[in-house]
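# Notes for the structure review
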Amino acid sequence: FYVFFRQTAININIQKILILIAVLTIAEAIAINTIILPSDLPNWPLTAEMTKIHGSTSRGSVTLGGFNYLRPMGFGGNSSISAVLILSMLAFVSKNNKCKLWVKIISILSVICLYSGNGFILLSLYIILFSRFKLLPVILFTLLVSFSDFQKLDFFYYQAIFLDISENFLNVISEIEP
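What this report covers is the structure whose coordinates are included nearby. Numbers given for residues are sequential positions, taken from 1 along each chain in its written order. Only residues with pLDDT of at least 70 are given local features in this predicted model, and only at 80 or more are side-chain atom pairs given and counted; all residues enter the totals for whole chains, interfaces and linings. To obtain the side-chain values, all non-hydrogen atoms of the structure were used and water was disregarded.

### Some points on the overall build of the chain
What counts, and what does not: A run of DSSP states H or I qualifies as a helix once it reaches four residues; a run of E qualifies as a strand once it reaches two. Both are numbered from the N-terminal end. Here's how the labels work: a residue is buried when its accessible area is under 20% of the maximum for its type, exposed when over 50%, partly exposed in between, all with a 1.4 Å probe on protein chains only. Contacts were defined at the residue level, with two residues in contact if any of their heavy atoms lie within 4.5 Å. Using the Shrake-Rupley algorithm and a 1.4 Å probe, accessible areas are obtained, with residue cover drawn only from the displayed protein chains.
Across its full length, the chain holds eight helices and two strands. Counting over 178 residues, the chain shows a buried share of 33%. In the chain, once contacts between residues fewer than 6 apart in sequence are set aside, the share between residues at least 24 apart is 59%. Surface summary for the chain: the accessible area is close to 11800 Å², and the carbon and sulfur share equals 68%.

This is the structure in structure tokens:
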């Protein structure tokens, strides 16, 4: 979508879109974990009765301190896609130095609410690239990943993601005919 908007004369304030999407993502996370039943969601695989039997752990939720946190899908229809799009818009706005601190905080909170492994990888990359202190985010992220019990913050989880992405990339490159 970036190429389309760069090639046309349409003026769109990406920062306002980013704010709207980030706030809606946070609101969705709060809503699906408090007032909306998982079985009422259009992409929930179980009926209301089966949800009561199996609980909300049946679709991508994680247990955090005894609480089953259900990840929001976001505007992308998938947590990973939504996180990547939010961070790409944040990087675009930050590159032009038009991004205020509160917009960055809301955007980062929305990515954390999405609880996506790809989102966490890109968030750490964003913090490294756009931080004034280049070494501090690397140290903090390494310590967080090293001593965390959560799956999305586990070193072996990221190693598996990196190896999978690398393998897929090499498969695509090998199938391209010269």
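### Re the packing of aromatic side chains
As a reminder of what qualifies: Stacked, tilted and edge-to-face are the three classes assigned to paired rings of Phe, Tyr and Trp, where Trp is represented by its six-membered ring and a pair needs centres within 6.5 Å; plane angles under 30 degrees give stacked, over 60 edge-to-face, the rest tilted.
Overall, the coordinates contain two aromatic pairs when judged by the stated rule. When the ring of Tyr115 is compared with that of Phe120, the centres are 5.7 Å apart and the planes differ by 85°; the resulting orientation is edge-to-face. Each member of the pair Tyr115 and Phe120 is classed as buried.

### Some points on the packing of helix H4 (residues 79-95) against helix H5 (residues 101-114)
A pair of packed helices can be characterised by two numbers: the angle between their axes and the separation between those axes. Basically, it comes down to this: In this description, a line fitted to the C-alpha atoms serves as the axis of each element, helices being fitted only across the stretch in contact, and the angle between N-to-C directions of two axes falls anywhere from 0 to 180 degrees. The cut-offs work like this: below 35 degrees is roughly parallel, past 145 is roughly antiparallel, 65 to 115 is roughly perpendicular, and the gaps in between are oblique. By convention, the crossing between two helices is left-handed when the near helix turns anticlockwise from the far helix through less than a right angle, and right-handed when the turn is clockwise. Amino acids outside the nonpolar list (Ala, Val, Leu, Ile, Met, Phe, Trp, Tyr, Cys, Pro) and the charged list (Asp, Glu, Lys, Arg) are all regarded as polar, and Gly is one of them.
With their axes 9 Å apart at the nearest point, H4 and H5 run at an angle of 165° to one another. Compared by their axis directions, H4 and H5 come out roughly antiparallel. H5 is crossed by H4, and the crossing has left-handed handedness. Residues Ser79, Ser82, Ala83, Ile86, Leu87, Leu90 and Ser94 of H4 pack against Lys104, Ser107, Ile108, Ser110, Val111 and Leu114 of H5. Of the residues belonging to the contact of H4 with H5, the class tally is seven nonpolar, five polar and one charged.

### With respect to the side chain of Ser107
Assignment of secondary structure puts Ser107 in helix H5. Sequence-distant contacts of Ser107, defined by excluding residues within four places in its chain, comprise Leu18, Ala22, Ile86 and Leu90.

### Notes on the side chain of Ser82
When you line up the elements, Ser82 lands in helix H4. By relative accessible area, which is 0% here, Ser82 ends up buried. Among all residues touching Ser82, those that are not within four sequence positions of it are Met73, Gly74, Phe75, Gly76, Gly77 and Leu114.

### A look at a nonpolar patch on the surface
Formally: Residues form patches when they are more than 30% accessible in relative terms and have no salt bridge. Like charges link within 9 Å. Nonpolar side chains (Val, Leu, Ile, Met, Phe, Trp, Tyr) link within 5 Å. Here, a salt bridge means any Lys or Arg side-chain nitrogen found within 4 Å of an Asp or Glu carboxyl oxygen.
A contiguous nonpolar surface patch, about 390 Å² in accessible area, is contributed by Val84, Leu122, Leu125, Leu129 and Phe130. Sorting elements by how many residues they give to the nonpolar patch places helix H6 (residues 117-130) first, with four residues. Mapped onto the elements, Leu129 comes out in helix H6.

### Comments concerning the nonpolar core
Filter applied, for reference: What we call a nonpolar core is a set of buried Ala, Val, Leu, Ile, Met, Phe, Trp, Tyr and Cys residues that are connected through their side-chain atoms within 4.5 Å.
By size, the foremost hydrophobic cluster in this structure holds 15 residues, and its most contacted members are Leu18, Ile86, Leu87, Met89, Leu90, Cys99 and Val111. Broken down by secondary-structure element, the contributors of at least two residues to this core are helix H2 (14-34), H4, H5 and H6. Among the elements that take part in this core, H4 stands out by supplying six residues, more than any other. Residue contacts for Ile86: discarding those within four places in its chain leaves Leu18, Ile21, Thr25, Phe75, Ser107, Ser110, Val111 and Leu114. Core analysis: the next-biggest nonpolar cluster, separate from the first, contains nine residues, Ala29, Cys113, Tyr115 and Tyr157 among them.

Structural measurements only, silent on function.
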